[in-house]
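Here's the letter readout for the chains.
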Amino acid sequence: MAACVKQISSATVMSVLKYEDLIPEMEKAMSKVSSMAESGVDQPVRTVVKIKPADGYLGVMPVYSQYDNLLAAKLLCFYPHNSLQQEPSHYAIIMVFDAKNGAPKAMVDGDKITEMRTAAVSAVATKYLSPADPQVLAILGSGVQARSHCIAMRKIYPFKEVRIWSRNFANAEKLAKEMNGLACKTAEEAVSGADVINTVTSSPIPIIKLEWIKPGAHINAVGACRYDWNEIDPAIMQAAVVYVDSKDAAVKESGDIIMSKAEIYGELGEMILGVKEAKRDQLTVFKSLGLAIQDAVAAKMVLDRTE
Ligand SMILES: NC(=O)C1=CN([C@@H]2O[C@H](COP(=O)(O)OP(=O)(O)OC[C@H]3O[C@@H](n4cnc5c(N)ncnc54)[C@H](O)[C@@H]3O)[C@@H](O)[C@H]2O)C=CC1
Ligand SMILES: O=C([O-])C1=[NH+]CCC1
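All figures in this text were calculated on a predicted structure; none of them were measured in a lab.

Enquirer: Can you walk me through the pairing of strand β6 (residues 90-97) in this structure?
Expert: Remember that side chains alternate between the two faces of the sheet whenever the strand is regular. As judged from the eight bridges shared by strand β5 (residues 70-78) and β6, these two strands associate in the antiparallel manner. When the bridges of β6 are listed, Ala72 appears paired with Val96.

Enquirer: Looking at this structure, I do not really get the environment of Glu253. What am I missing?
Expert: Note that Glu253 resides in helix α9 (residues 247-253). Judged by its relative accessible area of 7%, Glu253 falls in the buried class. Look past the residues within four positions of Glu253 in its chain and what remains in contact with it is Val45, Arg46, Val48, Cys225, Arg226, Tyr227, Ile258 and Leu289.

Enquirer: Honestly, the packing of aromatic side chains in this entry has me stumped. Any pointers?
Expert: Both the distance between ring centres and the angle between the ring planes are used here to describe each pair of aromatic rings. Under the criterion given, the structure shown has five aromatic pairs. Between Phe78 and Trp229, the aromatic rings sit 6.0 Å apart at their centres with planes inclined by 70 degrees, giving edge-to-face as the arrangement. Of this pair, Phe78 sits in strand β5 while Trp229 sits in the loop between β12 (218-221) and α8 (234-239); the two residues are 151 residues apart in sequence, bridging distant segments of the chain. Here Tyr157 and Phe159 contribute two aromatic rings whose centre-to-centre distance is 6.1 Å and whose plane-to-plane angle is 80 degrees, an arrangement assigned as edge-to-face.

Enquirer: Would you explain the domain arrangement of the chain in this entry?
Expert: Bring the parts together and some accessible area is lost; that lost area is often taken as the interface size. If you check the domain split of the chain, you get domain 1 (2-113 + 293-306) and domain 2 (119-290). The C-alpha centroid of domain 2 is placed 22 Å from the C-alpha centroid of domain 1. Between domain 1 and domain 2, a total of about 2200 Å² is buried, with carbon and sulfur atoms accounting for 65% of that surface. Three residues, Tyr19, Glu27 and Arg46, lead the burial of domain 1 against domain 2; their summed loss comes to 27% of the area buried on that side. On the surface where domain 1 and domain 2 come into contact, there are three salt bridges. Residue Lys127 is joined to Glu27 by a salt bridge in which the shortest nitrogen-to-oxygen separation is 2.7 Å. If you look at where domain 1 meets domain 2, you find eight residue pairs in polar contact (both at pLDDT 80 or more). Elements with a contribution of two residues or more to the side of domain 1 that touches domain 2: α2 (19-33) and β4 (56-65). In terms of residue count, α2 provides more of the side of domain 1 that touches domain 2 than any other element does, nine residues in total. When grouped by side-chain class, the residues that make up the side of domain 1 that touches domain 2 number 13 nonpolar, four polar and three charged.

Enquirer: Where do I start with the site of ligand 2 in this structure?
Expert: All residues in the neighbourhood of ligand 2 are listed as Arg46, Met61, Lys74, Leu76, His90, Thr114, Arg117, Cys225, Leu289 and Gly290. Arg46 is positioned such that a nitrogen or oxygen atom in its side chain is 3.0 Å from an oxygen atom of ligand 2. Arg117 is positioned such that a nitrogen or oxygen atom in its side chain is 2.8 Å from an oxygen atom of ligand 2. For ligand 2, the accessible surface in isolation is 250 Å², of which the surrounding protein chains cover 91%. When residues of the shell around ligand 2 are traced back to their parent elements, those giving at least two are β5 and α4 (111-129). Domain assignment of the residues forming the shell around ligand 2 places at least three in each of domain 1 (2-113 + 293-306) and domain 2 (119-290).

The rules we used
Residues numbered from 1 in each chain as written. Chains lettered and ligands numbered in written order. Predicted model: local features only at pLDDT ≥ 70, side-chain atom pairs only at ≥ 80, totals over all residues. Heavy atoms only, no water. Pairing = 2+ DSSP bridges. Helix = DSSP H or I, 4+ residues; strand = E, 2+ residues; numbered from the N terminus. Buried < 20%, exposed > 50% of the residue type's maximum accessible area, 1.4 Å probe, protein only. Contact = heavy atoms within 4.5 Å. Phe/Tyr/Trp six-rings, centres within 6.5 Å; stacked < 30°, edge-to-face > 60°. Domains from an automatic or database assignment. Buried area = accessible area lost by both parts, 1.4 Å probe. Salt bridge = Lys/Arg side-chain N within 4 Å of Asp/Glu carboxyl O. Polar contact = N/O pair within 3.5 Å; in protein donor to acceptor, adjacent residues only side chain to side chain. Nonpolar A, V, L, I, M, F, W, Y, C, P; charged D, E, K, R; others polar. Near = heavy atom within 4 Å. Areas by Shrake-Rupley, 256 points an atom, 1.4 Å probe, with all protein chains shown as cover.

Written as structure tokens, this is what we have:
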């Protein structure tokens, strides 16, 4: 290994990464994902190892982006039960290499990048797919992604009302207080009449039902990254126009897609590129799984700002 690999802490990531810059960069990254041959992006679907005794997962997420001269890999641990012990459920590091000779350049803390880039990508989807002039935002979950989604959504639209539901009401109340929102006792109360809904839980079973959803609403489905987990009622998946971050990943990793047998209308990047329509007047779901290019681009932004 190179004698001195730069290390970037989460505090540094937080101090230099801003949603205002990250959201447009994620939009560009997603369009590259949907034109991989032209954009020179090589990104296999992540490899996941299950750690049975702890019910945890290790994901390995490499990517090479030729025209960005960017070579990186994220290592991600997802231990959903950690949160019950007040421990983070996700830990991540992003290794950035010199694409010319393969030498390691930097090791960047991936926790904050995962938190922010995921919400930034959902913000891009929301910009294109939410009904016009959305007023009510619903967040289901009260963890790390719930918080970042509250913040990122408000960078796109000035929602009048933000509703938060969590299986633990005290946690919903805490986040609602911090975000100047309303804590809801049930998921139904949170999503009824909502224009934009974010499902950001570690639930392996559906938490919302089709009959609760307003026609034309937009849903960012961010949890359920396993092929046998689903967060969204299959009837919603069947009724909605479904966008994904990556088709290759969705048909392998997303229980929401696999178990519902929902048709994928297109990738977010295809919609950004104009190859697919943004059907904002219909019920839409953006199924997010998380991609290495998002981490690599965010890590590069951090490195560029700390050099
Ligand atoms: N698509 C993407 O790129 C990414 C997706 N994720 C996923 O988003 C979800 C949330 O992640 P974080 O906020 O970081 O996790 P977290 O551990 O901070 O929060 C998890 C939330 O889910 C709730 N929850 C857990 N089990 C539940 C159940 N059975 N029913 C209802 N609620 C339940 C918890 O109470 C908590 O509010 C996870 O599924 C995670 O894997 C996380 C990062 C990136
Ligand atoms: O892309 C990512 O970092 C993740 N996807 C699901 C859990 C974390």
